[in-house]
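Architecture and fold: a report
Each chain, written out:
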Amino acid sequence: MKRRYSLKRNKEFRRVYRVGKSQGSHLLVLINAKSKTDGVHVGFSVSKKIGNSVVRNRIKRRLREAFSPFLPLIKEKTNIIIIAREPVKTAKFTEIERSIERLLQKASLLK
RNA sequence: CGAGUAAGCUAUGUGACUGCCCCGUCACUUGUGGCGGGGAGGAAAGUCCGAGCUCCACAGGGCAAGGGUGCCGGAUAACGUCCGGUGAAGGCGACUUUAAGGAUAGUGCAACAGAGAUAUACCGCCGCAUUUUGCGGUAAGGGUGGAAAGGCGAGGUAAGAGCUCACCCACCUCUUCGGCGACGAAGAGCGUGCUGUAAACCCCACUCGGAGCAAGAUUGAAAUGAGAGCAUUUAAUGGCUGCCCGUCACGCUCUUGAAAAUCGCAUGAGCGUAUCGGUGACGAUGCGCCAAGAUAGAUGGUCACAGUUAUACAGAACUCGGCUUAUUGCUUGCUCGUAUA
RNA sequence: GGCCCCUUGGUCAAGCGGUUAAGACACCGCCCUUUCACGGCGGUAACAGGAGUUCGAGUCUCCUAGGGGUCA
C-alpha cells in the first residue's frame, strides 16, 4: 500500500473521529467519513496498551497488507480509520482479511 | 556425571509468487512505467556518563553558592570507561568484588539497652567508720551494646591499674633495600596506645560556560493573524547558574488559528582481514570494502524444503565511544565433589 | 526524539538516619438510638522492586519498573 493513500494529519484524524460513523468487530473498529479531497485515505491506529513497538509495527504492517486488495473497490472521497483491538495480536491473517471485508460491507463503502 | 567459575561465538537459512521505502539508469504523457542495486540490533532500549556537530555574548567584573571525580601506572579524541598492578574483603578452590584521599583542621550525630558513649562507677573488690548503712580508693572480674581506654604473663599493692618490666599487636617518626609508582621487606626510637561515621556537614587535590538536531542554516509565504488582560520607556520581560553591576534582544502574559520545502542526513576517532609491537587495554603498516536514511515514519503476506522447545529480548530517527538493564542457543579452558580405570 | 519530576493502607496524604511509621476519609465490630444519621470506643490495613553505605534505611547512593510534565 503506497503512502499517498494513508491518512496523515492529526487534524484529519480528529475530523474523522468527530463526524464519522463507526462499525466494530471483536478484532477491529472502523470509522469512516466523507472527505473533500479525491481518492481514499486510510489511517491505522494501534494503542500503546496493546504492546511494545515491535508488536504495534507488526500489527500495522499486517493491517496494511490485508487492507490493500480492497483499496480499488472503495467509493471515492472517503477517509477511513481502522483501530486495532487487543485480540489482533494473536489473530490469523485470514481472520483479519475477513473482518475487514465484513466491516466495509456493514459501512456500505464498497462500490 | 553433578555443582561452580572465566572467556568467547550466535540471534534461522534457501527458493517461488506478490507488495513497501531509498538510490542509479532508460523511456515518455513530468509522475508513472521498465531494468539494476540496497534496506533494523546485540542490545537499535534505558538516557547513566564522555565526545563530535550547531547556536547563544568565545565564556565579562564583584560577592556567594553548586555539580562531578578521588589507591598507582598505562590505554584513549575523551570519559565516571577499559587494561595491568597495590592494599582490603569474600570463597575449600578456580576466581570474584572493591564510591579505596583526610576522623591527629573543625563541627555534628551515635536511638534503645547500659552505671557510663568519649566519659563513667550499678554489682563487685579493698580500707575506715558503723553494723539498716555511710564516706573514700579502684577499674582486675560481671552484665549492656555495633562500639567500653590494645593482648598475655610477671612484678607491685590494702585492693588495683602500662603504675613498672619482658614479649606480641597497632599507629607515628626516621633509616636501609626492592619497585617508575601505589606499596612491600627489614631495622631503630628514654615515641604513642588514638571509638565509629565523610553514600553527615566539611577539609584537601583535580575538574566543569549554557542549551541541545524539535540544535541550527537557506529559500518561499505573509497569518508581524484574531480576541482578552496588564504596562506606558533609566520600566517590565527574556538570555548570561543565584544576587548586584554590566551588556544584548524586545512591549509582556493568556486563549485561539496557521505552521511549507530543501539542507543538516549517512565516508566515519568507519568496517573487514593479514603481519608486526605490547602481559593487556590498544597501537602501527599493507590490502580490500562503502554498508538503511524515513518524516504519522519503510522489511509485510501466502506457501515449500531443511531444522527445531524454532523461540527469547526486542524496531534506526543527528552520529560515534562506553556503562547499565532485558534475553535465545551453544563452545572452550579451569576448579570442587562423586564413581570407575 | 530530547530534557525534567513523582511513587507511603482502598483514597488523600505527614514523616530530623533511631523504639510498635502520624492524621483524615473509607471499611469491620461494639455502644448510643424505636431505627437511620451524628457521636463514642476498639480493630484490619502501607513505605513500587532489587542491590549497596551504616550498628541501624521510608529517609542517603546506584540500578530497574510504573506514572506524570515540558520542548516545534
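Residues numbered from 1 in each chain as written. Chains lettered and ligands numbered in written order. Predicted model: local features only at pLDDT ≥ 70, side-chain atom pairs only at ≥ 80, totals over all residues. Heavy atoms only, no water.

Here the focus is helix α2 (residues 53–67). An α-helix turns once every 3.6 residues. As a result, residues three or four positions apart point the same way. Compared with an ideal rise of 1.5 Å per residue, which puts 15 residues at 21 Å, α2 spans 21 Å between its outermost C-alpha atoms and is within 8% of the ideal. Three or more residues of α2 are buried, namely Arg56, Ile59, Arg62, Leu63, Ala66 and Phe67. Within α2, the buried residues cover an arc of 130° as seen down the axis, which keeps them to one side. Of the exposed residues in α2, the ones pointing more than 90 degrees away from its buried face are Val54, Arg61 and Glu65. Along its buried surface, α2 packs onto β2 (28–34), β3 (40–45), β4 (78–84) and α3 (93–106). (Helix = DSSP H or I, 4+ residues; strand = E, 2+ residues; numbered from the N terminus. Expected span 1.5 Å × (residues − 1). Buried < 20%, exposed > 50% of the residue type's maximum accessible area, 1.4 Å probe, protein only. Arc of directions from axis to C-beta. Contact = heavy atoms within 4.5 Å.)

Our next topic: the nonpolar core. Ranked by size, the top nonpolar core spans 26 residues in total, and within it Phe67, Ile80 and Leu104 carry the most contacts. Taken together, the elements giving at least two residues each to this core come down to β2, β3, α2, β4 and α3. Residues contacting Ile80, with those up to four places away along its chain left out, are Leu7, Leu30, Ile31, Asn32, Val40, His41, Val42, Gly43, Phe67, Ile74, Leu104 and Leu109. Core analysis: the next-biggest nonpolar cluster, separate from the first, contains seven residues, Leu7, Ile31, Ala33 and Ile81 among them. (Core = buried A, V, L, I, M, F, W, Y, C linked by side-chain atoms within 4.5 Å.)

Glancing now at the sheet that holds β3. Paired through their backbone hydrogen bonds, the strands of a sheet run either parallel or antiparallel. Spatially, four strands are ordered β1-β2-β4-β3 in an open sheet, and the strand pairing comes out mixed. Sheet topology places β1 (21–24) and β3 at the edges, where each strand pairs with a single neighbour. Going across the sheet, the axis of each strand differs from the next one's by a mean of 20°, ignoring polarity. In this structure, β3 lies alongside β4, joined through six bridges in parallel fashion. Counterpart to Val42 in the pairing with β4 is Ile80. Most of the contacts of α3 go to β2, to which it runs at about 40°, and overall it touches β1, β2 and β4. (Pairing = 2+ DSSP bridges. Axes fitted to C-alpha atoms, helices over the stretch in contact; angles between N-to-C directions.)

This brings us to the protein's contact with RNA strand B. The full set close to RNA strand B counts 16 residues, and Arg3, Ser53, Arg61, Glu65 and Phe93 are the nearest of them. In RNA strand B, atoms within 4 Å of the protein come 77% from sugar and phosphate. In the model, a phosphate oxygen of RNA strand B is placed 3.1 Å from a nitrogen or oxygen of the Arg58 side chain. The side chain of Arg61 places a nitrogen or oxygen atom 2.8 Å from a base oxygen of RNA strand B. Top element by residues in the surface near RNA strand B is α2. It accounts for eight residues. Partitioning the surface near RNA strand B into residue classes produces four nonpolar, four polar and eight charged. (Near = heavy atom within 4 Å. Polar contact = N/O pair within 3.5 Å; in protein donor to acceptor, adjacent residues only side chain to side chain. Nonpolar A, V, L, I, M, F, W, Y, C, P; charged D, E, K, R; others polar.)

Glancing now at the packing of aromatic side chains. In this structure the tally under the stated criterion is one aromatic pair. The interplanar angle of 85° and the centroid separation of 6.1 Å between the aromatic rings of Phe44 and Phe67 together place this pair among those described as edge-to-face. Of the two residues, Phe44 sits in strand β3 while Phe67 sits in helix α2, which places them 23 residues apart along the sequence. Residue class for Phe44 comes out buried when judged on its relative accessible area of 14%. (Phe/Tyr/Trp six-rings, centres within 6.5 Å; stacked < 30°, edge-to-face > 60°.)

All quantities given are derived from atomic positions and should not be read as evidence of function.
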